[in-house]
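Read off the chains here:
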Amino acid sequence: MPVPALPRLGLGCAPLGNLYRAVAEEEAEALVAAAFETGAAGPVYLDTAPHYGLGRSEERLGRALAGRDRGSYVLSTKVGRRLRDLRPGEAADGQGFTDLPARAREWDFSADGIRATLEGSLERLGVDAVDIVYLHDVEDHLPQVYATGFAALADLRDQGVVKAIGFGMNHSDVLARLVTDLDVDVVLCAGRWTLLERTALDDLLPVCARRGTQVVVGGVYNSGLLADPRPGAHYNYRQAPPEVLARAQAIEAVCAEFGVPLRAAALRYPFAHPSVVSALIGAASAAEVRDNAALFTYDIPDALWTALVARGLLDRDVPLPAAAPGPGA
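Each chain has its residues counted from 1, following the order in which its sequence is written. Side-chain atom pairs in this predicted model are given and counted only at pLDDT of 80 or more, local residue features only at pLDDT of at least 70, and totals for whole chains, interfaces and linings cover all residues. Only heavy atoms go into the side-chain values, all of them from the structure, while hydrogens and water stay out.

1. Focus on the overall build of the protein chain
- What the protein chain contains, in helices and strands, is eleven helices and twelve strands.
- The globule rule puts the C-alpha radius of gyration for 329 residues at 20 Å, and the 19 Å found for the protein chain is close to it.
- Expressed along its principal axes, the backbone C-alpha trace of the protein chain runs to roughly 55 × 45 × 40 Å.
- Burial classes follow relative accessibility: with a 1.4 Å probe on protein chains only, a residue under 20% of its type's maximum area counts as buried, one over 50% as exposed, and anything between as partly exposed. Taking all 329 residues of the protein chain together, the buried fraction comes to 56%.
- In this analysis, two residues are considered to be in contact whenever any of their non-hydrogen atoms come within 4.5 Å of each other. Taking as baseline every contact in the protein chain between residues at least 6 positions apart, the subset at least 24 positions apart corresponds to 75%. Secondary structure elements are taken from DSSP: a helix is a run of H or I of four residues or more, a strand is a run of E of two residues or more, and numbering for both begins at the N terminus. We take the radius of gyration over the C-alpha atoms and set the globule estimate at 2.2 Å times the residue count to the 0.38 power.

Next comes the structure, spelled out in structure tokens:
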């Protein structure tokens, strides 16, 4: 079954799970509404996971989608971590999320576990089906993926329960191996194909091009550094090393010469590779959703990219973006 047509810009819904800070219920509904208001013609792409706030992201997204035409959005979620109620004396493990429900995560790659995890997601989301399911952060669980996990997900695809399946993680080398070995429709690769990092160009993207596997990118701001490259900014979830911070600041300076916000360049750049079909951008408010949509259509001159190459801030062998795409193009 083919991958559903995805808009170029999608909404990553980890913030709905209270990632790093609590998001009010009304703000959660408003930011999802903003995704529909700012999208171009065609469906809105929304991505979530049981991991995000121990199911809170899926619950909030489900409430925000209630009453909307199911054909107006493409929905993806993830499997691998199965949720259960806390046992007596057990505390919830936030793993970056706050204000948590009384649940725990457990890795489960059995056929029954994969199906039960998806069924739990459908209940929280209030829908009969999702369009894409990713096996989530499985880099340390590859024997289980090869033994049972992927086969269980492929069976759900074969049965028409889901339209497309793949993997989501920030390890492009592992994704490349999985795409090489398995019948993968789409991958979600976070942080490895950005203005600052070309890792996926050297391993994942060539394999996807050969296999016809579509790529959704996440982490285009590299945990925040490409959003605001100030001292103390995060890169790959840790404080940015001085040399990486300096490079981000140098890229920002070149962007300023051309009157282009750094975030606009960071949003556009991954589409330089033809296998990239969509970028998922997290947002914690409706204002952030609108700002991302505006930045995505920013007029970026070709000369900016060639200037970055000339100054050694992009490698000479990397592809460069074409003209600006619309959010739903």
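Moving on, there is more to tell.
2. Concerning the environment of Q214
- For Q214, the position within the fold is in strand β9 (residues 214-218).
- Leave out the neighbours within four places in its chain, and Q214 touches V3, D185, V186, V187, S275 and V277.

3. Brief notes about the sheet that holds strand β3 (residues 73-79)
- DSSP calls a pair of strands paired once it identifies at least 2 bridges connecting them. One closed barrel accounts for eight strands, arranged β1-β2-β3-β6-β7-β8-β9-β12; its pairing is parallel. Neighbouring strand axes in the sheet, compared pairwise and without regard to direction, differ in orientation by 25° on average.
- Note that strand β1 (residues 9-12) and strand β2 (residues 44-47) share two bridges and pair parallel. Among the inter-strand pairings, L11 is bridged to a residue of β2, identified as L46.
- Orientation is described by axes fitted as lines to C-alpha atoms, over the contacting stretch for helices, and by angles from 0 to 180 degrees between their N-to-C directions. The sheet strands contacting helix α7 (residues 204-211) are β8 (186-190), β9 and β12 (276-282), and the helix crosses β8 at an angle near 165°.

4. Overview of the side chain of T194
- Mapping T194 onto the fold places it in the loop between β8 and α6 (199-202).
- Under the relative-accessibility criterion, T194 is labelled buried at 3%.
- There is a polar contact of 3.0 Å between the side chain of T194 and the backbone nitrogen of L196.
- In contact with T194, other than residues within four places in its own chain, are G219, V220, N222, L226 and Y269. Think of a polar contact as two N or O atoms within 3.5 Å of one another; within protein, one of them needs to be a possible hydrogen donor and the other a possible acceptor, and neighboring residues in sequence only count if both atoms come from side chains.

5. Let's talk about the layout of surface pockets
- Think of a 1 Å grid over the protein atoms and nothing else: a 1.4 Å probe that fits but is trapped marks a cavity, an open set flanked by protein within 12 Å on at least five of seven lines marks a pocket, and residues with an atom within 4 Å of a point count as lining. Grid points are joined across faces, edges and corners, and a volume is the space filled by probe spheres set on the points. What the largest pocket holds in volume is close to 1600 Å³.
- Mapped onto the lining of the largest pocket, the elements with two or more residues apiece are β7 (164-169), β8, β12 and α10 (286-296).
- Three residue categories are used. Nonpolar comprises Ala, Val, Leu, Ile, Met, Phe, Trp, Tyr, Cys and Pro, charged comprises Asp, Glu, Lys and Arg, and polar comprises the others, including Gly. By residue class, the composition of the lining of the largest pocket is 19 nonpolar, 19 polar and twelve charged.

6. Quick word on the packing of helix α4 (residues 142-158) against helix α5 (residues 172-181)
- Where α4 meets α5, the axes come as close as 12 Å, and the angle between the chain directions of the two elements is 25°. One way to sum up the angle between α4 and α5 is to call them roughly parallel. Crossing geometry of α4 relative to α5 is assigned as right-handed. From α4, L142, V145 and Y146 reach across to α5, where they touch V174, R177, L178 and D181.
- In the contact of α4 with α5, the residues fall into five nonpolar, no polar and two charged. By definition in this entry, angles of less than 35 degrees are roughly parallel, angles greater than 145 are roughly antiparallel, angles of 65 to 115 are roughly perpendicular, and the rest are oblique. Each crossing is labelled by how the near helix is turned from the far one, with a counterclockwise turn of less than a right angle marking it left-handed and a clockwise turn marking it right-handed.

7. Looking at the pairing of strand β6 (residues 132-136)
- Most of β6 is tucked away: five of the five residues are buried.
- Of the two faces of β6, the one lined by I132, Y134 and H136 and the one lined by V133 and L135 are each fully buried.
- Strand direction decides the pairing type here: β3 and β6, joined by four bridges, are parallel. Bridge pairing links K78 to Y134 in β6.

8. Section: the environment of D69
- Assignment of secondary structure puts D69 in the loop between α2 (56-65) and β3.
- As for D69 and L135, which are separated by 66 residues in sequence, their C-alpha atoms are 27 Å apart.
- Of the polar contacts made by the side chain of D69, one reaches the backbone nitrogen of G71; its length is 2.9 Å.

9. Quick look at the nonpolar core
- Note on terminology: a nonpolar core comprises buried Ala, Val, Leu, Ile, Met, Phe, Trp, Tyr and Cys residues joined through side-chain atoms within 4.5 Å. Within the largest apolar cluster, 100 residues are counted, with the highest numbers of intra-cluster contacts made by L135, F167 and L195.
- Considering every element that reaches this core, the biggest residue donor is α4, with seven residues.

10. Considerations on the state of the cysteines
- Our working definition of a disulfide is a cysteine sulfur pair at a distance within 2.5 Å. Counted according to the given criterion, the structure contains zero disulfides.
- Free of any disulfide, C189 has its nearest neighbouring cysteine sulfur in C208, separated by 8.4 Å.
- Take C189: its relative accessible area is 3%, and that puts it in the buried class.

11. Section: the pattern of salt bridges
- When a carboxyl oxygen of Asp or Glu is within 4 Å of a side-chain nitrogen of Lys or Arg, the pair counts as a salt bridge. Tallying each qualifying case throughout the model produces 23 salt bridges.
- In this structure, D183 engages R157 in a salt bridge whose closest nitrogen and oxygen atoms are separated by 3.2 Å. One end of the pair, D183, is in the loop between α5 and β8; the other, R157, is in helix α4, with 26 residues separating them in the sequence.
- With a relative accessible area of 8%, R157 lands in the buried category.
- In this structure, R311 engages E257 in a salt bridge whose closest nitrogen and oxygen atoms are separated by 2.8 Å. In this pair, R311 is assigned in the segment after α11 (302-310) and E257 in helix α8 (residues 242-257), connecting sequence segments 54 residues apart.
- Within this structure, R84, R87, E90 and E106 form a network of salt bridges that share partners.

Structural measurements only, silent on function.
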